Amino acid sequence: MPDEFLIRAGLAGIGLSVAAGPLGSFVVWRRMAYIGDATAHASILGVALALATSLPIYAGTVTVALAMAFAVTALGGRGHAADTVLGVLAHSALALGLVAVSFVPGLRVDLSAYLFGDVLAVSRYDLIWVWGGSLIILALLAWRWSGLLTATLNEELAQAAGLDPRREKLALVIALALVVAVAIKIVGALLIAALLIIPAATAHNMARSPEAMAAGATGVGIVSVLGGLWGSLRFDTPAGPSIVVAAAFLFVLGLAFGTVRR
Amino acid sequence: MSGMSGEPGVSLIKAAGLTVRRGAVTVISAVSIAIDPGEIVTIVGPNGSGKSSLVRALIGLEPLTQGAVIRREGLRIGYVPQRLHIDAGLPMTVRRFLSLPRPVSDAEADAALARTGVAALGRQQLSRLSGGQLQRVLLARAILSDPEILILDEPTQGMDQTGSAGFYRLLAELRAETGVAVLLVSHDLHVVMSASDRIICLNGHICCEGAPQVVSAAPEYRALFGLGTGGALALYRHEHDHAHDHEHDHEHDHDRDHGPTDHSHRHHNHEAEDAG
């Protein structure tokens with residue numbers, strides 16, 4: 001029987017994967033990887049603000065991630081100019097967060113827990129956050145699923161069918177902001193995007209339908225989390241990065257398998 | 001200039017004085033057009049003449065600078081966009097695609113695919129389809145909503161002549177079976193669908209419009225356009241309602257955008273006159 005902290009870590013990772021699979025698939029389909037990164041990086045500023053104001057960390061990260069998400073949506077997304085502005089915003093927010101923390105009087109906080117995650121220290125309170133947030137994301141995606149897929153495939157087709165692609169995109173960036181808040185404790189701000197993209201990319205190699213890819217991404221994510229936790233204990237490595245390494249390992253395995261199969 | 005036809009109130013879509021500007025560029029100006037039930041209308045014009053913008057404006061996808069579009073209440077539009085870039089990262093079978101965003105039954109999906117001649121493709125991935133197959137799948141999706149009008153933006157782009165002819169024939173059959181109106185966009189100034197009731201030539205504004213003049217008797221034309229197409233392709237005598245000073249100095253820049261094609265277009269027209 002594994003230790004309780006390990007069970008909590010596993011449950012948190014599984015909770016995150018439940019949302020990250022479908023959401024990560026959309027990130028891959030719509031090429032929003034950089035938006036995911038920007039939102040995640042900005043959340044460090046949220047951590048700093050939360051520490052300074054003694055608000056819960058989750059409230060701070062959700063707020064800043066949402067603000068970032070809205071800013072990104074307003075920029076319109078895919079153009080080159082928007083790309084540059086995104087880079088400016090994301091890294092400025094990250095740096096500002098790192099600087100701001102040092103100004104908080106009497107505070108000695110090790111930010112690495114937020115940069116790289118601290119999944120082995122997940123509490124029951126964190127678990128409620130992770131699962132609650134994940135289920136909200138999942139519900140949001142399920143509710144908009146058809147419209148999201150149509151808008152992802154072709155914006156004109158979606159418009160002609162009476163959908164508003166901007167609204168669908170907004171649903172996605174809100175989900176992204178939420179997943180950042182959920183995942184920051186598990187893999188940390190710097191590696192959240194990895195956990196969105198790598199399992200989805202792995203699942204892509206074997207999926208024939210969008211739904212299969214989303215479910216497959218969740219499955220790959222869960223295996224990555226459990227594998228990473230095992231590796232972290234076995235080799236005494238940091239848990240968050242170990243999870244991402246496990247995901248990357250599965251991706252390479254999938255590629256090799258796909259090549260052999262073809 | 002006016003594209004109005006039929007009696008007021010019966011048109012499926014009616015637009016009056018449409019002007020679309022993007023920044024300082026006027027894409028289309030003062031275009032009036034009406035599509036009646038069961039009509040096949042082809043809009044031709046060179047690249048950049050505002051065809052797609054006009055179609056998008058008619059559907060309500062393009063913000064209007066001036067003018068108004070009136071769609072009959074509850075009008076069911078089957079829309080086939082100009083390009084559907086399928087990202088290979090998104091796995092999607094043809095069957096799944098037909099259920100987006102409105103789920104349809106397997107029977108409906110099979111019937112639609114069979115009707116557009118791609119019955120066997122249901123399990124294929126969208127990203128693996130050829131251009132012609134994809135257009136037929138898009139058409140199948142469009143007819144699933146039992147539309148009163150089909151709007152297709154350059155559906156035969158990238159198809160060979162036999163493929164285009166087959167596709168046009170299919171549209172004509174659909175119209176005959178269901179009475180659906182068809183609004184087509186084509187950049188091909190001289191080969192248009194012979195079943196068209198009206199051709200509208202657009203170049204920022206409506207240059208001219210009227211019934212297509214089918215040149216079918218002369219063997220030269222059959223050899224060039226008619227052979228093996230079952231008469232689905234026709235020549236349209238491209239006549240403007242204003243004089244041209246010089247063959248290559250067109251005031252609407254048809255030639256610049258359409259150099260080589262336009263040469264042959266004129267060439268064939270001359271032969272038409274010779275033969276006729």
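**Student:** Help me out: how do you make sense of the overall build of chain B in this one?
**Tutor:** When you go through chain B residue by residue, the secondary structure sums to seven helices and eleven strands. Here chain B holds 276 residues, and the buried ones make up 43% of them. Counting only contacts in chain B whose residues sit at least 6 apart along the sequence, the fraction spanning at least 24 positions is 73%.

**Student:** Teacher, can you tell me more about the pairing of strand S1 (residues 13-22) of chain B here?
**Tutor:** Looking along a regular strand, one sees side chains alternate from face to face of the sheet. Residues and elements named next belong to chain B. Where S1 and strand S2 (residues 25-35) come together, seven bridges link them in antiparallel fashion. Within the sheet, the bridge partner assigned to Lys14 lies in S2 and is Ala34. In the sheet, S1 pairs with strand S4 (residues 66-71) via five bridges, with the strands oriented antiparallel. Across the sheet, residue Lys14 finds its bridge partner in S4, namely Ile70.

**Student:** Whenever I open this one, the sheet that holds S1(B) confuses me. Can you help?
**Tutor:** Picture the strands of a sheet paired through backbone hydrogen bonds; they go either parallel or antiparallel. Residue and element names in this part refer to chain B. If you walk across this open sheet you meet the three strands as S2-S1-S4, and the pairing is antiparallel. Each edge of the open sheet carries a strand with a single partner, namely S2 and S4. Direction aside, the axes of adjacent strands within the sheet are offset by 20° on average. Across the sheet, helix H1 (residues 51-59) is in contact with S1, S2 and S4; its angle to S1 comes to roughly 125°.

**Student:** So what exactly am I meant to see when it comes to the interface of chain A and chain B here?
**Tutor:** It is common to give the size of an interface as the accessible area that goes away when the parts come together. Each side of the interface is counted separately: chain A has 21 residues, and chain B has 15 residues. Of all elements in the fold, only helix H1 (4-29), helix H6 (124-153), helix H7 (155-160) and helix H10 (210-235) of chain A reach the threshold of two or more residues within the side of chain A that touches chain B. Per-element tally for the side of chain A that touches chain B: the top contributor is H6(A), with six residues.

**Student:** Even after reading the chapter, I still don't get the packing of helix H2 (residues 33-53) of chain A against helix H8 (residues 165-183) of chain A, so can you show me in this structure?
**Tutor:** Each pair of packed helices can be summarised by the angle the axes make with each other and by the distance between the axes. Residue and element names in this part refer to chain A. Taken N-terminus to C-terminus, the directions of H2 and H8 make an angle of 45°; their axes are 9 Å apart at the nearest point. It follows from the interaxial angle that H2 and H8 lie oblique. At the point where H2 passes H8, the crossing takes the right-handed sense. Judged by residue contacts, Ile35, Gly36, Thr39, Ala40 and Ser43 of H2 engage Val173, Leu176, Ala177, Val180 and Ala181 from H8.

**Student:** Looking at this structure, I do not really get the sheet that holds strand S6 (residues 149-153) of chain B. What am I missing?
**Tutor:** Residue and element names in this part refer to chain B. In space, the six strands of this open sheet follow the order S5-S6-S7-S3-S9-S10, with mixed pairing throughout. At either margin of the open sheet sits one strand with a lone partner, and together these are strand S5 (77-80) and strand S10 (206-210). Within the sheet, the average angular offset between the axes of one strand and its neighbour, ignoring direction, is 15°. As paired strands, strand S9 (residues 198-202) and S10 are joined by four bridges and run antiparallel to one another.

**Student:** Any chance you could explain the packing of H1(A) against helix H9 (residues 192-204) of chain A here in plain terms?
**Tutor:** Residue and element names in this part refer to chain A. The interhelical angle for the contact between H1 and H9, taken along N-to-C directions, is 80°, at an axis separation of 8 Å. Of the possible angle classes, the one that applies to H1 and H9 is roughly perpendicular. Each of Ala20, Gly21, Leu23, Gly24, Ser25, Val27 and Val28 in H1 lies in contact with H9, whose residues at this interface are Leu195, Leu196, Ile197, Pro199, Ala200, Ala201 and His204. Here the residues of the contact of H1 with H9 are counted per class, giving ten nonpolar, four polar and no charged.

**Student:** In this structure, what is going on with H10(A)? I would like to understand it.
**Tutor:** With 26 residues, H10(A) ought to run about 38 Å at 1.5 Å a step, and its terminal C-alpha atoms sit 36 Å apart, in line with that. A positive backbone phi angle near 55° is found at A:Asp236, which sits one or two residues after H10(A).

**Student:** Which parts of the structure should I look at to understand the pairing of S6(B)?
**Tutor:** Residues and elements named next belong to chain B. S6 sits mainly inside the fold: five of its five residues count as buried. Side chains Ile149, Ile151 and Asp153 of S6 all project onto a buried face; the interleaved residues Leu150 and Leu152 project onto the opposite face, where all are buried too. Both S5 and S6 contribute to a ladder of four bridges, which runs parallel. Residue pairing across strands places Gly78 opposite Leu150, the latter belonging to S6. With five bridges connecting them, S6 and strand S7 (residues 181-186) associate as parallel partners. Within the sheet, the bridge partner assigned to Ile151 lies in S7 and is Leu183. The parallel pair S6 and S7 is bridged by helix H5 (residues 161-178), and the resulting crossover is right-handed.

**Student:** Even after reading the chapter, I still don't get the nonpolar core, so can you show me in this structure?
**Tutor:** Most often, soluble globular proteins have nonpolar side chains that are buried together. Residues and elements named next belong to chain A. Residues Leu23, Val179, Ile192 and Leu195 are the most contacted members of the largest nonpolar core, which totals 156 residues. Per-element accounting of this core gives the leading share, eleven residues, to H8. Once residues lying within four places of it in the same chain are set aside, the contact partners of Leu195 are Ala20, Ala183, Val187, Gly221, Val244 and Ala247.

Cut-off values and rules
Residues numbered from 1 in each chain as written. Chains lettered and ligands numbered in written order. Predicted model: local features only at pLDDT ≥ 70, side-chain atom pairs only at ≥ 80, totals over all residues. Helix = DSSP H or I, 4+ residues; strand = E, 2+ residues; numbered from the N terminus. Buried ≥ 20, exposed ≤ 12 C-beta atoms within 10 Å, placed from the backbone. Contact = placed C-beta atoms within 7 Å. Pairing = 2+ DSSP bridges. Axes fitted to C-alpha atoms, helices over the stretch in contact; angles between N-to-C directions. Parallel < 35°, antiparallel > 145°, perpendicular 65-115°, else oblique. Left-handed = near helix turned anticlockwise from the far one by under 90°. Nonpolar A, V, L, I, M, F, W, Y, C, P; charged D, E, K, R; others polar. Expected span 1.5 Å × (residues − 1). Right-handed = clockwise from strand over helix to strand, strands pointing away. Core = buried A, V, L, I, M, F, W, Y, C linked by C-beta atoms within 7 Å.

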